[in-house]
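# Chains, contacts and geometry: an overview
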Amino acid sequence: MENITVKVNGAEISVPKGTTVLEAAHMAGFEIPTLCYMKEINEIGACRICVTEVNEGRGFRLVAGCVYPCSPNMEILTASPKVIESRKKTLELILSTHDRKCLSCVRSGNCELQKLCKDYGIEDASKYDGVKNSYEIDNSAAHMYRDNNKCILCRRCVAVCSKTQGIGVIGANERGFKTFIGSAFDMGLGETNCVSCGQCIAVCPVGAIAEKDYTKPVLEAIADPEKTVLVQTAPAVRAGLGECFGLPIGTNVEGKMVAALRKLGFDKVFDTDFAADLTIMEEANEFLDRVKNGGKLPLITSCSPGWVKYCEHYFPDMTENLSSCKSPQQMFGATAKTYYAEKMGIDPKNIVMVSIMPCTAKKFEIGRDDQSAAGVPDVDYALTTRELGRMIERAGINFLGLEDEKFDDPLGISTGAGVIFGATGGVMEAALRTAVYTLTGENPIDFPEVRGTDGIKEATYNVAGMDVKVAVASGLANARELLEKVQKGEADYQFIEIMGCPGGCVNGGGQPQVAMGIRNFVDIREKRAKVLYDLDASMPLRQSHENPAIKAVYEEYFGEPGSHKAHEVLHTTYVKRSVN
Amino acid sequence: MNSAKATVPFKGTKEQEAQLLEIIAEKKDTQGALMPILQKAQEIYGYLPIEVQKIISDNTGIPMEKIYGVVTFYAQFSLYPKGEYTISVCLGTACYVKGSGDIYDKLQEKLGISGGECTADGKFSLEACRCIGACGLAPVLTVNEDVYGRLTVDDVDRIIEKYTA
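Residues numbered from 1 in each chain as written. Chains lettered and ligands numbered in written order. Predicted model: local features only at pLDDT ≥ 70, side-chain atom pairs only at ≥ 80, totals over all residues.

### Some details on the overall build of chain B
- Looking only at helices and strands, one finds 7 helices and 4 strands in chain B.
- Listing each helix as α and each strand as β along chain B from the N terminus yields α-α-α-α-β-α-α-β-β-β-α.
- With respect to the three principal axes, the spread of C-alpha positions in chain B is 55 × 30 × 25 Å.
- Counting only residues that meet the buried cut, chain B has 30% of its 165 residues in that class.
- In chain B, the proportion of contacts linking residues at least 24 apart, taken out of those at least 6 apart, comes to 62%. (Helix = DSSP H or I, 4+ residues; strand = E, 2+ residues; numbered from the N terminus. Buried ≥ 20, exposed ≤ 12 C-beta atoms within 10 Å, placed from the backbone. Contact = placed C-beta atoms within 7 Å.)

### Brief notes about the overall build of chain A
- Within chain A, the secondary structure is distributed over 19 helices and 17 strands.
- The C-alpha radius of gyration of chain A comes to 25 Å, within 12% of the 25 Å expected for a compact globule of 580 residues.
- Referenced to the eigenvectors of the C-alpha coordinate spread, the extents of chain A come out at roughly 80 × 55 × 50 Å.
- Counting across all 580 residues of chain A, residues that qualify as buried make up 52%.
- Within chain A, contacts between residues separated by at least 24 positions form 75% of all contacts whose residues are at least 6 apart in sequence. (Rg over C-alpha atoms; globule rule 2.2 N^0.38 Å.)

### Digging into the pairing of strand E11 (residues 268-271) of chain A
Residues and elements named next belong to chain A.
- Side chains Lys268 and Phe270 project from E11 onto one buried face, and the interleaved Val269 and Asp271 project onto a second face that is buried too.
- Across 4 bridges, the pairing between strand E10 (residues 228-233) and E11 is parallel. Bridged to valine 231 within E11 is valine 269.
- Note on the crossover from E10 through helix H7 (residues 254-264) to E11: the handedness is right-handed. (Pairing = 2+ DSSP bridges. Right-handed = clockwise from strand over helix to strand, strands pointing away.)

### Remarks on the interface of chain B and chain A
- Counting from both sides, the interface comprises 14 residues of chain B and, opposite them, 16 residues of chain A.
- Per-element accounting of the side of chain B that touches chain A gives the leading share, 7 residues, to helix H4 (residues 64-73) of chain B.
- Counted by class, the side of chain B that touches chain A contains 7 nonpolar, 4 polar and 3 charged residues. (Nonpolar A, V, L, I, M, F, W, Y, C, P; charged D, E, K, R; others polar.)

### Overview of the sheet that holds strand E4 (residues 60-64) of chain A
All names here are of chain A.
- Taking strand neighbours across the sheet as the criterion, the 5 strands line up as E2-E1-E5-E3-E4 in an open arrangement whose pairing is mixed. Pairing within the sheet leaves two strands with one partner each, and these edge strands are strand E2 (11-16) and E4. Each neighbouring strand pair of the sheet contributes to a mean axis angle of 35°, computed without reference to strand direction.
- Where strand E3 (residues 51-55) and E4 come together, 5 bridges link them in antiparallel fashion. The partner of asparagine 55 across the bridge, within E4, is phenylalanine 60. (Axes fitted to C-alpha atoms, helices over the stretch in contact; angles between N-to-C directions.)

### Section: the pairing of strand E15 (residues 456-463) of chain A
All names here are of chain A.
- Note that E15 and strand E16 (residues 466-474) share 8 bridges and pair antiparallel. Its bridge partner lying in E16, valine 463 is registered against methionine 466.
- The hairpin turn running from E15 into E16, its antiparallel successor, is 2 residues long, and alanine 464 in that turn takes a positive phi close to 50°.

### Some details on the packing of helix H9 (residues 305-314) of chain A against helix H15 (residues 476-487) of chain A
Residue and element names in this part refer to chain A.
- Following both chains from N to C, one finds H9 and H15 inclined at 50°, their axes separated by 11 Å at the closest point. Accordingly, the angle class assigned to the pair H9 and H15 is oblique. Note on packing geometry: the crossing formed by H9 with H15 is right-handed. On H15, the residues touching Trp307, Tyr310 and Tyr314 of H9 are Leu476, Ala479 and Arg480.
- Tallied by class, the residues present in the contact of H9 with H15 amount to 5 nonpolar, no polar and 1 charged. (Parallel < 35°, antiparallel > 145°, perpendicular 65-115°, else oblique. Left-handed = near helix turned anticlockwise from the far one by under 90°.)

### As for helix H3 (residues 50-60) of chain B
All names here are of chain B.
- Looking only at H3, the buried set comprises Ile50, Val52, Gln53, Ile56 and Ser57. Viewed end-on, H3 has its buried residues packed into an arc of 160°, placing them on one side of the element.
- On its buried face, H3 sits against helix H1 (14-27), helix H2 (34-45) and H4.
- Positioned one or two residues after H3, glycine 61 has a phi angle of 80°, which is positive. (Arc of directions from axis to C-beta.)

### Focus on the domain arrangement of chain B
- What the domain assignment reports for chain B is domain 1 (5-73) and domain 2 (85-164).
- Here the C-alpha centroids of domain 1 of chain B and domain 2 of chain B sit 30 Å apart. (Domains from an automatic or database assignment.)

### Brief notes about the sheet that holds E15(A)
Residue and element names in this part refer to chain A.
- With respect to topology, 4 strands assemble into an open sheet ordered E12-E17-E16-E15, the strand pairing being mixed. With partners counted over all chains shown, the strands left at the sheet margins are strand E12 (299-300) and E15, one partner each.
- Taken together, the 5 bridges between E16 and strand E17 (residues 495-499) define a ladder with parallel strand orientation. Bridging from a neighbouring strand, valine 472 pairs with glutamate 497 of E17.

### So, unusual backbone geometry
- Cis peptide bonds are those with omega within 30 degrees of zero, and the linkage from A:Asp409 to A:Pro410 qualifies with -5°.
- Note on placement: A:Pro410 falls in the loop between helix H12 (385-394) and helix H13 (416-419).
- Notably, A:Ala464 is not glycine yet its phi reads approximately 50°, a positive angle.
- Residue placement: A:Ala464 occurs in the loop between E15 and E16.
- Residue classification places A:Ala464 among the exposed positions, given that 12 C-beta atoms sit within 10 Å.
- Here B:Asn144, not a glycine, exhibits a phi torsion of approximately 45°, which is positive.
- Note that B:Asn144 resides in the loop between strand E3 (141-143) and strand E4 (146-148).

### Quick notes on the domain arrangement of chain A
Residue and element names in this part refer to chain A.
- Each domain of chain A was delimited in the assignment, giving domain 1 (3-79), domain 2 (96-211) and domain 3 (224-570).
- The distance between the C-alpha centroids of domain 2 and domain 3 comes to 30 Å.
- Contacts between the two partners involve 21 residues from domain 2 and, on the opposite side, 28 residues from domain 3.
- Every element with two or more residues in the side of domain 2 that touches domain 3 is listed here: helix H4 (156-164) and helix H5 (199-203).
- Considering only residue class, the side of domain 2 that touches domain 3 consists of 9 nonpolar, 9 polar and 3 charged.

### Considerations on the packing of H1(B) against H3(B)
Residues and elements named next belong to chain B.
- Their axes nearest at 10 Å, the elements H1 and H3 cross at an angle of 40°. In this structure, H1 crosses over H3, and the sense of that crossing is right-handed. Within the contact between the two elements, H1 uses Glu17, Leu20, Leu21 and Ile24 and H3 uses Ile55, Ile56, Asn59 and Thr60.

### Regarding the environment of B:Tyr68
- One can find B:Tyr68 in helix H4.
- Each C-alpha atom, one on B:Tyr68 and one on B:Ile160, is 32 Å from the other, the two residues being 92 residues apart in sequence.

### Digging into H4(A)
Residues and elements named next belong to chain A.
- Counting buried positions over the 9 residues of H4 gives 8, a clear majority of the element.
- All of the buried residues in H4 are Arg156, Cys157, Val158, Ala159, Val160, Cys161, Ser162 and Thr164.
- In the segment just after H4, glycine 166 is the residue with positive phi, at about 65°.

Structure follows, in C-alpha cells:
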C-alpha cells in the first residue's frame, strides 16, 4: 500500500493512501468527535461535528474529517479555535430542536451528545431556540420505544437496520426541518416487520430509542414474599456487564455478576448456560434424527429470536428448517417451571422467572405463542444487560468491590460448550462437540473453523465416514446472503447456525452501548467473545453431554433427548409472517 | 398493515396494476430505478397510496420505508388523490399579507385534513398554491375552475356549502 505524509497539528505522520482525516488524526493521537459516522456503515458526513481544518496548499478550510481523504502533504488542525467554534455552533444548532431533558433521560451519563456539550463547553443550550418539532413517543413494539424529541437525525439506527441487518423498517421521512426517523406510512414499529434485534438501540448516540424497562416489576416481585424469583443470565452478559461500571471492554465479570444478583435479592441465581447445554442435547439429537430419517435439511438454529422472527418474515418457506428447539432462555424457563418446580415443590404460578439477556428480541420472544410449558409463561421478564446495570446501580451495590460468587445448583451448572453460545459459531461448535461424540465416541473439542467474527463461515467435517457441511452466519444481511445461496441450490449445508446480531450475542442489542468514537476503532465483538472462549478453555467440562446437571434432568424428568416429554416442554412452533 | 394516515379507499384496477408491473419489470434492474418507477406510478394512479407502494416494494425488493421516505421527501409525489373539488388557496405574497394563511388554516380545520390531503369521502382536496395573477382580488382561492376573491375567514363555510349541496 502506498503511503503519504500528512501533518497533524504540526507533527508529520505517514499514513496509507485513502486514509481519512479522522483516521490520520486518530493515528497521531488526536480524536475527532463524530455523531453520524459509523465506519463502513454510515459514512454520510452529515452531522458536521467532525469538521476539521485542512490545508491542501490553498489555505485552511473546514472539511468533514470523517469522510475527507488525506492528500499528500496535507496539514490538518484537529482542534484550532475555528474548528472548536464551528463544532460548538453545530452542537448549539442540534440543541435548538432537542428536548434537553437530560435529567430524566435513560442515557444520562453515557450520552454522546451530552458528553460533546460538556467537552465543547456549551454555555447556553437554548441559544438558537425557535420553532421546535414535537413528536409522540412510539410505544407500539414489545421491546423498545422511540422518542423522536431526542433524535438528532444522525441516521445510525437507519444504517444498521438497512445495511447490517438488511431490513430497513426505519428511515428518514419528510424533508428539511420536518424530517424525522420513522416507518412507512408512519406505522408504529410494532406494526412493521421489525425483528426486535435492537441493533438500532446499541448504536443510538442519544436517548431517542431504548429498550422498554422492566426493572420495576422485577424489583416488586423480589419484594413479594409469595413469589420465588429465579434469575438466569445469558452467556454474553458476563462479557459485557462490566462496561456499565467502567471496566474495559472484554472483562469477565461472571463472579461479580452472580454476587450482585444475589445481593439484589433473587432467590436463586442460575445460568442460561445450563439451558444452552440442554439445547445442545435436544438440537444435536434433532440434527442426527433429521440426517438419519430424511428430515428437512439444512437444520437451522433457533436460539436467536431476532433471527427467528426474520426467518418468519423474509424466509417463511424455510421455517420448517428451523430447529423446533426453544431458545435457551425459553428452555430454561420451561425447565424451571416444570422440572425444578416439581423437584422443589413450588407451584409454577408462584415462580417469577427473570432472564438477563444481551438481547432486546428476548422481550418479544417471551410473549410468543407456544412458550408456556407449565401453563404460565416460561419467562416472565427479560431484562437487558443494561437494565441489570441500572438495577445494580440503583440498589447501591458497589459492583467493583464484590467478591466473586458461584451460580446456584442445579440449574447453574454448565460446561464450556454452553458459555460459547454467546459468540457467533459457538452454538455450532458446541453442537459439533456432542454430535461427533454421539456418532463416533470421540471427543474433539476445538472447531476453530467456525470461530471468529467473519459474517459468514463455512466448514466441512468428516464424521463417521460422512461429510457434514456446516455454515455459520451472524448479522441478518449475512444470513440473507447465505440463505439465498441455499435457496438457489448453490450450497448444500446440513446444519446452519444463524445469530441475528453481527458477532452473535456478545454484540447483542441489549448490551451496554459503546460510544461510536471507540467502536469505530475497536472490535467489541472480538474482545467480548474472547471472554467466552477463555472461559470455555478454563472449564473442566466442555461438552454439553458431560454436564452432570443435564444428565440428572434427563434421568429424573425428560427421559432422553427428543422424548415426548422433552418435546412438550422444550420445543416450540413458528408462524409465517409477511413483509410490511 | 395499517397506515396511520387515513385516506380515500383505494380504487386501483387490474389494468393499472398490470401497467405498473410492466414499468417495474422494465426498470428495476437499473441503478436509481425508484424515482422513475414512482413517477410512472403516479402517472398511472394519480397518487401513491400504501397499496401502490406495496406493489413497488414487493416487486423491487426495496423496503417500504425507503419508498415512503422518497415519496415524502419530494413535493412532486402525493400520498393522496385529487378530490372531486380541488381547493387551491393562494399563499403568494399579496394574498398572504391579506390574510390567506388564516383562510387556509380555516379550511384545514373545516375539512379535517392537512394541505396536500383529500377528505375521506373523496370530495375535497386542499392545496396551497403560488400567485395566480389575481392579486387585485387578494386574498384568493379557487375551487376547480371557480375563482373566489376578497375573502375573509367567514366566507369559508359558505363556499364549502356550495359544493356539498
